[in-house]
Amino acid sequence: MIEAAKKREVKEAKQKRKQLQQQLKVEEKLSLSVKCWNQDILPKWDAMVNSKKTRELWWHGIPPCVRGKVWQRAIGNDLNITHELYEICLNRAKDKIKVMADNANFEQSSEMDINKEDSVELIKLDVSRTFPQLCIFQKGGPYYDLLHNLLGAYACYRPDVGYVQGMSFIAAVLLLNLDQADAFICFANLLNKPCQVAFFRVDESIMGAYFDTFEDFLKENLPKVYHHFHENEVIPHIYIIDWIFTLFSKSLPLDVASRVWDVFCRDGEEFLFQTALGILKVYEDILIHMDFIYLAQFLTKLPEDICADELFRSIDSIQMSIDKRKFSQVLTMHKDKLKDTRDTGSLRSFKDTSSIRSLVTSQAVL
């Protein structure tokens, strides 16, 4: 009995040493990566950004301590937003909230949706539901006011869009990696990308083109899943909307979502749909045996134990060309088709706008 206990102790000691060695290797690799980003890539960004070395480092995940700097460079600032403009928008948002608080008839006016700047009041409801497991974005938490400020400022910067549920997750991820003003600049520029504009403004025809493009690549890469989904009437907007709205930040564990963001900042909208296909491939063997109800439940609440390395191997295996046509070319083809059908008055309705808005809201609240 004593001998068995000693053997168990020796075995446990070996396992601990092995784990420690693995941890040291991970830390050493991370340290070298940080050094490379800080000394070789960031100071020579224009020359190094598209090099093979940089792309390989990028694919394997940007170290958290330099992630914000890299995202900021990769996203850019085509809108030429300054820190001063952020302060102006923030002050306007604070004034708007104060006026609403003093206005006894606000509830009635908000229902009329006169001005989307009024959506700043809705932010309070959504902020507390953002990454609740972290306990930092809820009232009294260190990031509560920061997140509220950023979203309020954006609603005033883009009154034509206002605040849309789901935006809080994108803003929160940026605030975890950047200071407030720089996070706002990246947030506004991200939401100005064609895909995000289409989804957050609920542009039915453009969203339809993205869905059709996604289905083409789903059929090309995962024909079994494609046919099973069609047999069970599982259409993309049931699950894709939430993934795109939050850039996977609500659907995947935060560390995994951050790696998705890394490559999205580099490769753009195409990578969002490649990631969606990668997720479906990871769970292909499970999905093809589910009916509609289980599929909808599974896809709108993915397993929390998804492994980043496994997901990225799956993503890497996805082919993003069909008959030598790239994603952007297939998307353009579908946009042109929808434009032609719209011009002839025969645009298909894949849900009226109010129904889509209802779906978007319900998924954002879940």
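Here, the structure is the one placed above.
Below you will find a few notes about this structure. (Residues numbered from 1 in each chain as written. Predicted model: local features only at pLDDT ≥ 70, side-chain atom pairs only at ≥ 80, totals over all residues. Heavy atoms only, no water.)

**Overview of the environment of Cys-195**
In step 1: Mapped onto the elements of the fold, Cys-195 is located in helix H11 (residues 194-200).
In step 2: Counting along the chain gives 75 residues from Cys-195 to Glu-270, while the straight-line C-alpha distance between them is 9.5 Å.
In step 3: Beyond its immediate stretch of four places on either side in the chain, Cys-195 contacts Tyr-210, Ile-244, Glu-269 and Phe-273. (Helix = DSSP H or I, 4+ residues; strand = E, 2+ residues; numbered from the N terminus. Contact = heavy atoms within 4.5 Å.)

**Some words on helix H3 (residues 52-59)**
In step 1: Taken as a whole, H3 has its buried residues at Thr-54, Trp-58 and Trp-59. Projected down its long axis, H3 carries its buried residues within an arc of 130°, all on one side.
In step 2: Looking at the residues trailing H3, positive phi occurs at Gly-61, about 105°. (Buried < 20%, exposed > 50% of the residue type's maximum accessible area, 1.4 Å probe, protein only. Arc of directions from axis to C-beta.)

**A word on helix H4 (residues 64-75)**
In step 1: Between its terminal C-alpha atoms H4 stretches 17 Å, which fits the 16 Å expected from twelve residues at 1.5 Å a residue.
In step 2: Looking only at H4, the buried set comprises Val-66, Arg-67, Gly-68, Val-70, Trp-71 and Ile-75.
In step 3: Just beyond H4, the residue with positive phi is Gly-76, at close to 75°. (Expected span 1.5 Å × (residues − 1).)

**With respect to unusual backbone geometry**
In step 1: If you check the backbone angles, Val-202 has positive phi at about 50° while not being a glycine.
In step 2: When you line up the elements, Val-202 lands in the loop between H11 and helix H12 (204-221).
In step 3: For Val-202, a relative accessible area of 8% translates into the label buried.
In step 4: Positive phi values are uncommon outside glycine, yet Lys-324 reaches one of about 65°.
In step 5: Relative to the elements of secondary structure, Lys-324 occurs in the loop between strand E1 (321-322) and strand E2 (325-326).

By themselves, these are just geometric observations and shouldn't be taken as functional.
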